[in-house]
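Residue strings, one per chain:
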Amino acid sequence: MRDPAGPALIVGASGGIGGALYQHLSRERRVVSISSQAKCRADWFESDYSESSLENISESVDCRFSLIIICNGFLHGDGLMPEKRVVDLEPRSLALAFERNAIIPSMVLKHFRTHIEQVREAHCGVLSARIGSIGDNRSGGWYSYRCSKAALNMIVKTLAIELGRTHKNLALVALHPGTTQSNLSDPFLRRSSHQRASAKITAQRIERVLTSLTPLDSGGFFDWQGNSVQW
Ligand SMILES: NC(=O)c1ccc[n+]([C@@H]2O[C@H](COP(=O)([O-])OP(=O)(O)OC[C@H]3O[C@@H](n4cnc5c(N)ncnc54)[C@H](OP(=O)(O)O)[C@@H]3O)[C@@H](O)[C@H]2O)c1
């Protein structure tokens, strides 16, 4: 049975989807947030996402979470856009994408694994992207983003196996939130008729899908409709 009162952790709580998740979840439960942005709110921790910062926050948090959602992600910015061809690929774009899409979520999982509810059921979702699916890659391009999300997916799968030994009631999964209006998607949606959801709708979908998963689903990759996504 779902425990509606269990506290939640949102990492990346100022982003489009992270911010909407904060708004949605804080209506019904305590929400602890980690963000690169400062806000004067209870349980709000500003972080530069360095390992030491995450470690310090983890040490000052006093509860176990029944819901954790990691929303960090990077597709464009700092003068970089997704690569169309391999000649566009630069070490800096790969390094930044791996840092923000794979390394930071991994360090969050490392330092907050001890805060995952162990007795009652717990759900932990890491926002990935269908574009990180190797099996589903039919259009090519976007090298750095694709590779870093594929790496993230492997981290989630591997950690789910490890935590499965100690957290019998945990579902830890990678999630594709679906195309959603946000800063991350904005440059690609402006002149496109591609269907997209508002961040508010996506937040509701993510909560619904994630909390419906069971420990048998742990280590999987699911989309916003609850369908399994191939690796
Ligand atoms: N939007 C879509 O269509 C779409 C589709 C597929 C997958 N996704 C995935 O969904 C997730 C959320 O994306 P979004 O659409 O909400 O994008 P967004 O609005 O651009 O949010 C970016 C996220 O990254 C965090 N962030 C900011 N600076 C960072 C840094 N230096 N290092 C690490 N993280 C940093 C932000 O949190 P703070 O500002 O609070 O630090 C925020 O959670 C991402 O993982 C993205 O890849 C989105």
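Each chain has its residues counted from 1, running along the sequence as written. For this predicted model, a pLDDT threshold of at least 70 governs which residues receive local features, and a threshold of 80 or more governs which side-chain atom pairs are given and counted, while totals over whole chains, interfaces and linings are taken from all residues.

Draft legend 1. Structural view of the site of the ligand. For each residue, a C-beta position is placed from the backbone atoms; the residue is near a molecule or strand when that point lies within 6 Å of it. Not every one of the 26 residues close to the ligand is listed here, only the nearest: G12, G15, S35, G73 and S182. A helix here means a DSSP run of H or I that spans at least four residues, while a strand means a run of E at least two residues long, and both kinds are numbered starting from the N terminus. Broken down by secondary-structure element, the contributors of at least two residues to the shell around the ligand are helix 1 (16–25) and helix 3 (91–112). The element best represented in the shell around the ligand is helix 1, accounting for three residues. When residue character is reported, Ala, Val, Leu, Ile, Met, Phe, Trp, Tyr, Cys and Pro are called nonpolar, Asp, Glu, Lys and Arg charged, and the others, Gly included, polar. The residue inventory of the shell around the ligand, partitioned by class, reads nine nonpolar, 16 polar and one charged.

Draft legend 2. Quick look at the pairing of strand 5 (residues 122–127). Buried means a residue has 20 or more other C-beta atoms within 10 Å of its own C-beta, exposed means 12 or fewer, and partly exposed covers the counts in between; C-beta atoms are placed from the backbone. Taken across its six residues, strand 5 has six buried, putting it largely inside the fold. With burial as the criterion, each face of strand 5 is covered, one bearing A122, C124 and V126 and the other bearing H123, G125 and L127. We call two strands paired when DSSP finds no fewer than two bridges between them. With four bridges connecting them, strand 4 (residues 67–70) and strand 5 associate as parallel partners. When the sheet's bridge partners are listed, L67 is paired in strand 5 with H123. Crossover handedness is defined here as right-handed if the route from the first strand over the helix to the second strand goes clockwise, with the strands pointing away from the viewer. In this view, the connection linking strand 4 to its parallel neighbour strand 5 by way of helix 3 has right-handed handedness. Sheet topology note: the strand 5/strand 6 (residues 170–176) ladder contains six bridges and is parallel. Residue pairing across strands places C124 opposite L172, the latter belonging to strand 6. The parallel pair strand 5 and strand 6 is bridged by helix 4 (residues 143–164), and the resulting crossover is right-handed.

Draft legend 3. Examining the sheet that holds strand 5 more closely. Ordered in space as 3-2-1-4-5-6-7, the seven strands form an open sheet in which the pairing is parallel. Where the open sheet ends on each side, the last strands, each with one partner, are strand 3 (44–46) and strand 7 (221–223). Averaged over all neighbouring strand pairs, the angle between strand axes comes to 20°, with direction disregarded. A pair of residues counts as a contact when their C-beta atoms, built from backbone coordinates, are separated by no more than 7 Å. Fitted lines through C-alpha atoms give the axes, limited to the stretch in contact for helices. The angle between two N-to-C directions lies from 0 to 180 degrees. Against the sheet, helix 3 contacts strand 1 (8–11), strand 4 and strand 5, and its axis sits at roughly 160° relative to strand 4.

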